[in-house]
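# Observations on the three-dimensional arrangement
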Amino acid sequence: MKFAHDLKQNLASQGFPPHWVERAIPYSQLKKCLKKVQRELQDLGLDQETLRALLSAEETAPVALQYKLRQSGSKFVRPKLTVNVHLRDGVAVDASLTRESRGFLEKLASEILDDNKRESLDQVRANRQNDSGSSERLKADANNGDIGNYETIEVPLVFDAEFFDMLQNDVNELDALQAEEQKQLTTEITELSKEVSAVSRPSRFSKSDMVRWREIFELYLDSNVFFATQECDHGARNSQRALKQLQWFQNEVEKRNLARDFKIPQSRHAFTRFLQLNASLLKNLQFQELNKLAVSKILKKFDKRTSLGVSKSFPKFILSEGLLAGGIAKDVCASMSQELVSVVPQINDYLCPVCFSVAYRPVRLDCKHVFCIRCIIKIQRRKETHCPLCRADVVMSASADNLDHRLERYLEKYFPKEVKEKQRANEMERGIEDYGPGYKHQDCLVM
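Remember, predicted model here, so these are calculated numbers, not experimental data. By convention here, each chain's residues receive numbers from 1 onward along its written sequence. With the structure being a predicted model, the display of local features is reserved for residues of pLDDT at least 70 and the display and counting of side-chain atom pairs for 80 or more, all residues being used for whole-chain, interface and lining totals. Derived side-chain values reflect all non-hydrogen atoms in the structure, with water molecules and hydrogen atoms excluded from consideration.

## Here we look at the UniProt feature "domain: RING-type" (unreviewed entry) in the protein
UniProt positions are given in the numbering used here, feature names are shortened, and annotations may be inferred rather than shown by experiment. Taking the UniProt record as the reference, the feature "domain: RING-type" (unreviewed entry) is found at residues 352-391. Here a strand is any run of E in DSSP of at least two residues, a helix any run of H or I of at least four, and the numbering for each starts at the N terminus. As annotated, residues 352-391 has a helix share of 22% and a strand share of 15%, and its two end C-alpha atoms lie 16 Å apart.

Okay, here's the thing in C-alpha cells:
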C-alpha cells in the first residue's frame, strides 16, 4: 500500500507530462488482479506452501508442477501451469500433499481415467482410508521402483493470464512512449548541433565561440552525467547520480564564466537549449526508473503470494526493447557524442601518444598511427625501429613523405593556441640541444 501511494505521489509531483503519467505502470490495478490470482490458486487447492513444495528443485515428490511464462516457439507471454500426476490405479499418490491439494489432484486424475479404471476408483480410496500404513507403503513402493504412471495435466488459470496480459501491454506502451521521446530528443540534438556548428566555426575575420564551446564540452565529458567510462566507475548512472553530475557541470560553467563570455548571442540560446536537452533526458530517466521499480515490486509481490518464481524469468521473456532490456540515456548520450559534441573537436583526440601534447607537424607512420615530428626524430635517434603503439617495424622508414599536411592544416585551424605552444616548446628544446642548458628562447623581433 505504501509503494502504491509513493508511486502515485511521485508521478504527480515530479512534473512529468500528463501523457506520460497516463502510460505509467498501473500498480494498483495489477495489485487488485494479483489478489484474484491468489484466490484462484487457493480455490484449486494450490496454496502458497503447496506450490513452493511442488516447484522446489530439491523436492523429489512424485507429483511435479511446472510453470512457464512463454511456450517454445511463441513470441507472446502466455503463462501455463502443468501438473505431472503420479498415478497408481487412478489415484494420485503423494503423502506430502494437503487434503485440499490431494482432492484437487485426484479430481484431475479422475478426468483422465478410462471407464474400467473409473469403476475401481472408489474401492481403491476405501482401501487407502482403512490402511493406516498406506503412506509408508506408498513411499516404500516408490523406492522399490513401483512408480506407476505419470499424466501431464494443464491447470486453467483465468486471472493469471489476465495479470500478465495487462503487465505486458503496459510495458509495451512504455516502450512505445520511450521510442517517441528518444526520436524527439535525437531530432533536437541534430538541430542543436547545427546551431553550435555555426557559432563555433573557426574564422580569422569574424567572431567565434569555438574555444568556449570546446571548454564547455570538455567539462561535460568530464562530468559523465549519464554514462561513465572510467575503469573504476563505469556504466549508466541512476537519476540521482545523473542529477548530481549535471549540477556539478552547471556550477563549473558558471564559475568559469563560460556562458557569460560568449561573443555571439546565438551561443547563449544554444547553451540554454543544451541544458534543456539534458533536463529532458534526466526526466526520461527518472520516469523510466519509477516504472522499472513498479514492475520489480509487483513481480516480487506476485512471487510472495504464489511462489511461482516469475520475478527473474519475466524480464527475460517479456517483449521489451526499452524498459527492461535497455535504457534511453545510453542511446541518447551516444547520439549526443556523435552529433553534437563532435561538432567542436576536442584536443584529447589529437594528442601525440608519446609526449601527450598536440601532434605538431604530425607524422603518420605506415601503420597509420600519428605522432608529432619531434617524438619521431627522437625515436629514430635512439635506433628504435618499432611503433610505440602497435610494435610494427615502421619507424626507421619514416621520412618527410610521412608528414600529414592535411591534418597539420586542420590542427592549425581548430587548435591554433595549442599548436603555437607546442611549436614554442619544440624550439626551446632544440635550442637547448644546440646551445646548452643556458639557452633562453626569445621570439623573433622585426626591427
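From this point on, the discussion continues.
## Considerations on the pattern of salt bridges
Salt bridge, as used here: a side-chain nitrogen of Lys or Arg that lies within 4 Å of a carboxyl oxygen of Asp or Glu. Applying the stated rule across the entire model yields 13 salt bridges. We note a salt bridge from arginine 361 to glutamate 408, for which the minimum N-O separation is 3.9 Å. Of this pair, arginine 361 sits in the loop between helix H14 (328-339) and strand E7 (362-364) while glutamate 408 sits in helix H16 (residues 405-414); the two residues are 47 residues apart in sequence, bridging distant segments of the chain. Buried residues are those whose accessible area, probed at 1.4 Å on protein chains only, stays under 20% of the maximum for their type, while exposed residues exceed 50% and partly exposed ones sit between those limits. Taking relative accessible area as the criterion, glutamate 408 reaches 15% and is therefore assigned buried.

## Notes on the nonpolar core
What is meant by a nonpolar core is a set of buried Ala, Val, Leu, Ile, Met, Phe, Trp, Tyr and Cys residues, joined one to another through side-chain atoms within 4.5 Å. Counting residues in hydrophobic clusters, the biggest one holds 59 residues, and the most contacted among them are Trp213, Phe217, Phe226, Phe249, Phe274 and Leu365. Broken down by secondary-structure element, the contributors of at least two residues to this core are helix H9 (158-199), helix H10 (210-223), helix H11 (239-255), helix H12 (265-306), H14, strand E8 (370-372), helix H15 (373-381) and H16. No other element matches H12, which puts seven residues into this core. Every residue pair with non-hydrogen atoms within 4.5 Å of one another is taken to be in contact. Contact partners of phenylalanine 274, with chain neighbours within four places excluded, come to Leu192, Phe217, Tyr220, Phe249, Met336 and Leu340. Listed in part, the 42 residues of the second largest apolar core include Leu11, Trp20, Leu167 and Phe287.

## With respect to H11
To estimate how far a helix should reach, multiply one less than its number of residues by 1.5 Å. The end-to-end C-alpha separation of H11 is 24 Å, in line with the 24 Å expected for 17 residues at 1.5 Å each. Each element contacted by the buried residues of H11 is listed here: H10 and H12. Of the residues one or two after H11, asparagine 257 is the one with positive phi, at around 55 degrees.

## Concerning a positive patch on the surface
Patch members must show over 30% relative accessible area and no salt bridge, and they are joined within 9 Å when carrying like charges or within 5 Å when they are nonpolar side chains of Val, Leu, Ile, Met, Phe, Trp or Tyr. The Shrake-Rupley method, run with a 1.4 Å probe sphere, supplies the accessible areas, and residue values consider only the shown protein chains as cover. Positive charge is attributed to Lys and Arg, negative charge to Asp and Glu, and no charge count is given to His or to the chain ends. For the purpose of locating charges, the reference atoms are NZ of Lys, CZ of Arg, CG of Asp and CD of Glu. A surface patch of like charges, here positive, comprises Lys32, Lys35, Lys36 and Arg39. Along the chain, lysine 35 falls in helix H3 (residues 27-43). Judged by relative accessible area, which is 42%, lysine 35 ranks as partly exposed.

## Here's the deal with the side chain of serine 208
Along the chain, serine 208 falls in the loop between H9 and H10. Taking relative accessible area as the criterion, serine 208 reaches 15% and is therefore assigned buried. For this analysis, a polar contact is any N or O atom pair within 3.5 Å, provided that within protein one partner can donate a hydrogen and the other can accept it, and provided that sequence-adjacent residues contribute only side-chain to side-chain pairs. Engagement of the side chain of serine 208 in a polar contact is seen with the backbone oxygen of arginine 201, the distance being 3.1 Å. Looking at serine 208, its side chain comes within polar contact range of the main-chain nitrogen of methionine 210, at 3.3 Å.

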